[in-house]
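So the chains spell out like this:
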Amino acid sequence: MKYTSPADIEAARQPLASWLPGSFLLCGVQPNSSVEGEERARKNAAEQNAYVEMTAKKGGAAVEKYQFYLKEAKKWCEALCALQHESIDLKQVEKWKKQVGEIDERLSTVTIEEADAIYLEIQELNKEWCQFYDRMLAVETEKQPERAEQVPIGGHKLPPLPYGYNALEPYIDESTMRLHHDRHHKSYVDGLNKAELELQQARRNNQFELVKHWERELAFHGAGHYLHSIFWKVMCPHGGGRPPGPLNREISRSFGSFEEFKKQFSQAAQNVEGGGWAILVWAPQAQRMEILQAEKHQNLSQWDVVPLLVLDVWEHAYYLKYQNKRADYIDNWWHIVCWEEVERRMRKAQAR
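Just so you know, these numbers come straight off a predicted model, no measurement behind them.

(A) Up close: the overall build of the protein chain. Summing up its helical and strand segments, the protein chain has 12 helices and three strands in all. Of all 352 residues assigned to the protein chain, the portion counted as buried reaches 43%. Residue pairs in contact within the protein chain that sit at least 24 positions apart in sequence constitute 69% of those at least 6 positions apart. Working note: accessible area of the protein chain is about 19600 Å², and carbon and sulfur atoms make up 50% of it.

(B) Highlighting the pairing of strand 2 (residues 288–295). Pairing analysis gives eight bridges linking strand 1 (residues 276–283) to strand 2, with the strands arranged antiparallel. Residue pairing across strands places Ile279 opposite Leu292, the latter belonging to strand 2. Hairpin connection of strand 1 to strand 2: four residues between the antiparallel strands, including Gln287 at a positive phi of 55 degrees.

(C) Highlighting helix 12 (residues 339–350). Here helix 12 contains 12 residues, and its C-alpha end-to-end distance of 16 Å stays within 8% of the 16 Å for a straight helix at 1.5 Å per residue. Burial in helix 12 covers these residues: Trp339, Glu341, Val342, Glu343, Arg345, Met346 and Ala349. Its buried side turned inward, helix 12 meets helix 7 (211–233), helix 8 (245–255), helix 9 (258–270), strand 1, strand 2 and strand 3 (306–312).

(D) Layout of the packing of aromatic side chains. Within the structure shown, the criterion is met by 15 aromatic pairs. Seen in terms of ring centroids, Phe220 and Trp314 are 6.4 Å apart; in terms of plane orientation they differ by 65 degrees. Their pairing is edge-to-face. Here Trp314 lies in the loop between strand 3 and helix 10 (319–322) and Phe220 lies in helix 7, a separation of 94 residues in the sequence. We note that Phe220, like Trp314, is buried. Residues Trp333 and Trp334 carry aromatic rings whose centres are separated by 5.1 Å and whose planes lie at 65 degrees to one another, so their mutual orientation is edge-to-face. Of the two residues, Trp333 and Trp334, both sit in the buried class. Of the aromatic side chains, those joined through ring pairs into one cluster are Phe255, Phe258, Phe261, Phe265, Trp333, Trp334 and Trp339. Over the ring of Tyr165 we find Arg178; its NZ or CZ atom is 4.0 Å from the centre of that ring.

(E) How the structure looks around the state of the cysteines. Under the defined criterion, the tally for this structure stands at zero disulfides. Cys236 forms no disulfide, and the closest cysteine sulfur to it belongs to Cys338, at a distance of 3.1 Å. For Cys338, a relative accessible area of 12% gives the class buried.

(F) Quick look at the sheet that holds strand 3. Ordered by their spatial adjacency, three strands build an open sheet running 2-1-3, and the pairing between neighbours is antiparallel. With one partner strand each, in any of the chains shown, strand 2 and strand 3 form the two edges of the open sheet. Geometrically, the sheet is characterised by an average inter-axis angle of 20 degrees between neighbouring strands, direction not taken into account. Across six bridges, the pairing between strand 1 and strand 3 is antiparallel. Across the sheet, residue Val281 finds its bridge partner in strand 3, namely Pro307.

Cut-offs and rules
- Just so you know, the residues in each chain are numbered from 1, in the order the chain's sequence is written.
- This being a predicted model, a pLDDT of at least 70 is required before a residue's local features are given, and a value of 80 or more before pairs of side-chain atoms are given or counted; all residues contribute to the totals for chains, interfaces and linings.
- Computation of side-chain values covers all heavy atoms of the structure but excludes hydrogens and water.
- Starting at the N terminus, helices and strands are each numbered in turn, a helix being any DSSP run of H or I of at least four residues and a strand any DSSP run of E of at least two.
- Burial classes: relative accessible area under 20% of the type maximum marks a residue as buried, over 50% as exposed, and values in between as partly exposed (1.4 Å probe, protein chains only).
- In what follows, residue pairs with any heavy atoms lying within 4.5 Å of each other are defined as contacts.
- Here the accessible surface of atoms and residues is derived via Shrake-Rupley with a 1.4 Å probe, and residues count as covered only by protein chains that are part of the display.
- Two strands qualify as a pair provided DSSP detects at least 2 bridges between them.
- How far a helix is expected to stretch is found by multiplying one less than its residue total by 1.5 Å.
- A pair of Phe, Tyr and Trp rings is counted when the ring centres sit within 6.5 Å of each other, with Trp represented by its six-membered ring. The angle between the planes then sorts it: under 30 degrees is stacked, over 60 is edge-to-face, the rest tilted.
- Either the NZ atom of lysine or the CZ atom of arginine qualifies as a charge over a ring when it sits within 6 Å of the ring centre and within 35 degrees of the ring normal.
- We call a pair of cysteine sulfur atoms a disulfide whenever their separation is within 2.5 Å.
- Geometry is summarised by axes, namely lines fitted to C-alpha atoms with helices restricted to the contacting stretch, and by angles between N-to-C directions that run from 0 to 180 degrees.

Structural data, given as structure tokens:
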């Protein structure tokens, strides 16, 4: 069986830990372990080494301990070979396996004095295995993406625009951008913070008479904040045209062609009742893209989908420039779609 991901390596380490209690740093330590766990493993390793050193003076008892240790070490080497992971030097593991076998053979006929020398050989191997673990830990830790810092309850902030207010002209004018970002988006941030704080207070006081109201406010303002945060990023001054290769292929796989996708997305945006959004999403269950509408910000949505491209068709997004001509706004919006950001979001969604 082949393991190719950090998660697979983690899963495979569990049985390895049970094979080599204390003697190896692999014992009980995972790439995401706490510092306390690592210190405990190091302490166990020190205690085990002290125990082996003591039994080395007791002749046959020491030999039996070494034989058991080497038997389990051989299993460990075989398991490492089975992992077939890019971080593992299989030639080195085979070399360790051969050394373990040779030492094990010699143990059947050694004297007490020779057992002391074998103990030193085992100690050297143990050092190599500890160093190997440290390298594996470093590699797997590097691969773990850092988790974003948690936003405190009621601590959401208005994100800055990634470009100037006039950067999207002539398609979206500066006045609309200032109004849209500084006032409308800000109002969703404020509403989300208020809803979170009110629900926190309800939990503390065990008073949930208004929970239905504040849950609705949480959904409305939270969705408004999150969708707008995506909206600013999926537009850019020199965008438009066709999406790059991988994204274009995924769009064609899901909708037939880019042209068919664009027509459906535009019609979905045009026909949102009242204010709302057209949203291109990645659906993990279906393993393809879908186009959804959202009335307001949160209605008509689906669970488990990941937004990739969003278009705000609330009137405040276009009325100053386009008045009631939503279709003209949608047509011109395609000139500023930032396909690189959409592709980045697609890759991240597919890797979940």
